[in-house]
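This is what each chain is made of:
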Amino acid sequence: MHRQWHREEIAQAIPWLKRMNARGNDIYLRPAGDHGMVLVDDLKIDAITRMAADGLSPAALIETSPANYQAWIKLSEKPLPAELRKALAQELARNYGGDPASADAQHYGRLAGFTNQKPQYARTGRQPYVLAHACPGQVAARAPEALQRGESSLVREERGKRLKALQTAPPGEHIVRHDPLHEYQRQAQRLLQRYGPEADFSRLDWMIAKDMAQSGRFTARDIEHGIRECSPHIESRKVGHIEDYARRTAAKAVLEFPPDRQLKRERGQSLGW
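The rules we used
- In this numbering scheme, every chain counts its residues from 1 along its sequence in written order.
- Totals for whole chains, interfaces and linings use every residue, but because this is a predicted model, local features are given only for residues with pLDDT of at least 70 and side-chain atom pairs only at 80 or more, for both listing and counting.
- Side-chain descriptors were evaluated using all non-hydrogen atoms of the structure, hydrogens and water having been removed beforehand.
- Every axis in this analysis is a line fitted to C-alpha atoms, fitted for helices over the stretch in contact. Angles between the N-to-C directions lie between 0 and 180 degrees.
- Secondary structure is summarised from DSSP: a helix means a run of H or I of at least four residues, a strand means a run of E of at least two, and numbering begins at the N terminus for each.
- An angle below 35 degrees is read as roughly parallel, one above 145 as roughly antiparallel, one from 65 to 115 as roughly perpendicular, and any other as oblique.
- Left-handed describes a crossing whose near helix is turned anticlockwise from the far helix through less than a right angle; right-handed describes the clockwise counterpart.
- Should any heavy atoms of two residues lie within 4.5 Å, those residues are counted as being in contact.
- Three residue categories are used. Nonpolar comprises Ala, Val, Leu, Ile, Met, Phe, Trp, Tyr, Cys and Pro, charged comprises Asp, Glu, Lys and Arg, and polar comprises the others, including Gly.
- When accessible area is computed with a 1.4 Å probe and restricted to protein chains, residues below 20% of their type maximum are described as buried, those above 50% as exposed, and intermediate ones as partly exposed.
- At least two bridges found by DSSP between two strands are what make those strands a pair.
- For every residue, the pLDDT score states the predictor's confidence, bounded by 0 at the bottom and 100 at the top.
- Think of a nonpolar core as a cluster: buried Ala, Val, Leu, Ile, Met, Phe, Trp, Tyr and Cys residues, connected wherever their side-chain atoms sit within 4.5 Å.
- Any N or O atom pair separated by 3.5 Å or less is treated as a polar contact, with the protein-specific requirement of one donor-capable and one acceptor-capable atom, and with residues adjacent in sequence counted only for side-chain atom pairs.

### A short note on the packing of helix H6 (residues 180-195) against helix H8 (residues 220-230)
Packed helices, taken two at a time, are described by the angle their axes make and the gap between the axes.
Thought 1: At a closest axis distance of 8 Å, the pairing of H6 and H8 adopts a crossing angle of 60 degrees. Accordingly, the angle class assigned to the pair H6 and H8 is oblique. For the element pair H6 and H8, the recorded crossing hand is right-handed. Here Pro180, Leu181, Tyr184 and Gln185 of H6 lie close against H8, whose contacting residues are Asp222, His225, Gly226, Ile227, Glu229 and Cys230.
Thought 2: The residue makeup of the contact of H6 with H8, split by class, is 5 nonpolar, 3 polar and 2 charged.

### Remarks on the pairing of strand E4 (residues 68-74)
Thought 1: The buried fraction of E4 amounts to 7 of the 7 residues, a majority that puts the element mostly inside the structure.
Thought 2: Note: strand E2 (residues 37-43) against E4, 5 bridges, orientation antiparallel. Considered in E4, the bridge of methionine 37 is made with lysine 74.
Thought 3: Direction of pairing for strand E3 (residues 60-65) relative to E4: antiparallel, over a ladder of 5 bridges. The residue of E4 that forms the bridge with alanine 60 is tryptophan 72.
Thought 4: Counting the residues between successive antiparallel strands, the hairpin from E3 to E4 contains 2 residues, one of them, alanine 67, with a positive phi of roughly 65 degrees.

### Focus on the confidence of the model for the protein
If pLDDT is low for a region, its predicted coordinates should not be looked at in detail.
Thought 1: The pLDDT averaged across the protein works out to 85; a share of 85% of its residues lies at or above 70.
Thought 2: Confidence scores differ between elements of the protein, with helix H11 (residues 261-271) showing the lowest mean pLDDT of 44 and E4 the highest of 97.
Thought 3: Confidence over residues 172-176 falls short of pLDDT 50; this stretch has 7 contacts with residues more than four positions distant or in other chains.
Thought 4: Segment residues 262-273 is flagged for pLDDT under 50; beyond a separation of four residues in sequence, or across chains, it makes 11 contacts in the model.

### As for the environment of alanine 213
Thought 1: As for its placement among the helices and strands, alanine 213 is situated in helix H7 (residues 201-215).
Thought 2: Judged by relative accessible area, alanine 213 falls into the buried class, the value being 5%.
Thought 3: In sequence terms alanine 213 and leucine 255 are 42 residues apart; their C-alpha atoms lie 8.6 Å from each other.
Thought 4: Alanine 213 has contacts with Ile223, Ala253, Val254, Phe257, Pro258 and Pro259, leaving out every residue within four places of it along the chain.

### Description of the nonpolar core
Thought 1: Among the nonpolar cores identified, the biggest contains 24 residues, and Leu43, Ile73 and Leu75 are the most heavily contacted of them.
Thought 2: Within the residue set of this core, elements represented by two or more residues are E2, helix H3 (45-53), E4, helix H4 (82-96) and helix H5 (143-168).
Thought 3: Counting residues per element, this core draws most heavily on H4, which supplies 6 residues.
Thought 4: Among residues more than four places away in sequence, those in contact with isoleucine 73 are Gly36, Met37, Val38, Val40, Met51, Leu56, Ser57, Pro58, Ala59, Leu92 and Ala140.
Thought 5: Among the nonpolar cores identified, the runner-up in size contains 20 residues, and Leu191, Leu204, Ile223 and Ile234 belong to it.

### Quick word on the side chain of lysine 74
Thought 1: The topology assignment puts lysine 74 in strand E4.
Thought 2: Side-chain polar atoms of lysine 74 contact the backbone oxygen of glycine 137, separated by 3.4 Å.

### Observations concerning the sheet that holds E3
In a beta sheet, neighbouring strands are held together by backbone hydrogen bonds and run either parallel or antiparallel to one another.
Thought 1: One open sheet accounts for 4 strands, arranged E2-E4-E3-E6; its pairing is antiparallel. Strands at the two margins of the open sheet, each flanked by one partner only, are E2 and strand E6 (131-134). With direction set aside, neighbouring strand axes in the sheet form an average angle of 25 degrees.
Thought 2: Both E3 and E6 contribute to a ladder of 3 bridges, which runs antiparallel. Opposite glutamate 63, over in E6, you have leucine 131 as the bridge partner.

In structure tokens, the structure reads:
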């Protein structure tokens with residue numbers, strides 16, 4: 001069962017939660033919606049010590065079974081995107097020996113004060129209590145560095161996805177539909193084969209925009225869409241002004257290179273338009 005409650009509602013529900021726990025149910029919780037916390041599961045005490053030494057002291061440290069811990073690391077007072085929380089959870093799990101299967105943006109942690117009902121933890125017919133060891137609730141001292149690493153990891157991942165998409169896109173010479181993303185990928189694939197992966201990607205954008213404009217098959221909005229969604233490394237190349245860059249490049253291409261009518265007729269005849 002899943003419930004979304006305010007703090008006061010949780011307090012009022014304690015008697016019911018106790019009954020459910022006594023009947024063999026585990027009790028978990030997590031922050032609702034987007035937030036600035038990351039859960040690292042299945043940690044040993046030496047890993048917690050290393051975390052603290054590295055400036056990543058938990059905002060809440062929970063002993064879920066004897067000598068086994070969950071750590072909620074607070075990295076921001078403001079909400080963080082789910083994909084960033086997931087990347088950070090994965091990095092922290094790798095660095096401190098946490099459970100990689102629990103390293104995501106939406107994982108539940110155990111609620112202290114109730115018992116862990118997993119059978120393997122039973123001792124003389126009793127289940128161990130989940131214990132709260134420290135809950136200062138503070139942002140970790142080295143949170144800014146951790147956030148920077150997480151954001152860099154996401155940028156690298158997105159770069160790899162875009163380059164792979166360009167390299168593996170089908171040639172598509174016989175595709176008739178006016179798909180600006182496919183057209184960008186098709187042309188980028190050809191240019192990358194010629195200039196290599198270290199090409200000047202801004203120049204590559206311009207060459208593709210010019211060709212798309214001259215073909216007469218794409219509007220400025222189409223060209224802008226192709227650049228924005230497919231241009232390699234655009235997140236790091238044009239930080240903070242991706243939309244403006246794509247729009248200006250497309251508008252300039254359409255203004256300076258109007259459709260080549262003869263080229264359009266030849267292409268239309270060959271494809272049966």
